[in-house]
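Each chain is listed here by its residues.
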Amino acid sequence: MVNSGHSWIGKWRNQYGSTLIVTDDSGGAITGTFETALGDSSFAGVQVPVTGLHLGNCINFTFVRRSATGDSIASFTGLLRNGKLETLWHVINDQAVKSPRPDAPPQLIELPWAHAALTNADTFERLDQQGLR
């Protein structure tokens, strides 16, 4: 395994204020927690456990949530560059509270595949220096 000379352990924040806290990065595995700052996220209001993998400057972490509005899973894959963690993410939501048609009241519906998947990019910056070795 290539040793990048750094640790993933510590607190990271993205451009929206969401936080990733990595508590262990031993053996190429990642564990910790994630808390979104976005109120419209299916992960809003809770801190969720994170698991993942890393190799050198590459990282992947994922987390899940079961709520009254359905099951959700998120996966982030990224690369450490110039002290910043650049990631692409995918979120899959099984259900959502939406209006099934324009003239109907909102209700819990199973999402069709085209509306179940979200993807975007986030940049995380380290908030502490405890991860430096």
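Residues numbered from 1 in each chain as written. Predicted model: local features only at pLDDT ≥ 70, side-chain atom pairs only at ≥ 80, totals over all residues. Heavy atoms only, no water.

Colleague: Just to check I follow, could you spell out the side chain of Asp-25 for this structure?
Modeller: Position of Asp-25 among the secondary structure elements: in the loop between strand S2 (19-24) and strand S3 (29-35). Taking relative accessible area as the criterion, Asp-25 reaches 5% and is therefore assigned buried. (Helix = DSSP H or I, 4+ residues; strand = E, 2+ residues; numbered from the N terminus. Buried < 20%, exposed > 50% of the residue type's maximum accessible area, 1.4 Å probe, protein only.)

Colleague: Sorry, what's going on with the pairing of strand S4 (residues 48-55) here?
Modeller: Along any regular strand, the residues point their side chains to alternate faces of the sheet. One ladder, built from six bridges, connects S3 with S4; its direction is antiparallel. Note that in S4 the partner of Ala-29 across the bridge is Leu-53. Inspection of the sheet shows S4 paired to strand S5 (residues 58-67) by five bridges, in the antiparallel sense. If you follow Leu-55 over to S5, its bridge partner there is Cys-58. (Pairing = 2+ DSSP bridges.)

Colleague: Is there a simple way to explain the packing of aromatic side chains in this structure?
Modeller: To describe a pair of aromatic rings, one takes the distance between the centres and the angle between the planes. Considering all chains together, one arrives at nine aromatic pairs under this definition. When the ring of Phe-43 is compared with that of Phe-63, the centres are 4.9 Å apart and the planes differ by 80°; the resulting orientation is edge-to-face. With a gap of 20 residues between them, Phe-43 in the loop between S3 and S4 and Phe-63 in strand S5 connect regions that are remote in the sequence. For the pair Phe-43 and Phe-63, one class covers both residues: buried. Three or more aromatic residues joined by ring pairs make a cluster, and in this case those are Phe-34, Phe-43, Phe-61, Phe-63, Phe-76, Trp-89 and Phe-124. (Phe/Tyr/Trp six-rings, centres within 6.5 Å; stacked < 30°, edge-to-face > 60°.)

These values are about where atoms sit, not about what they do.
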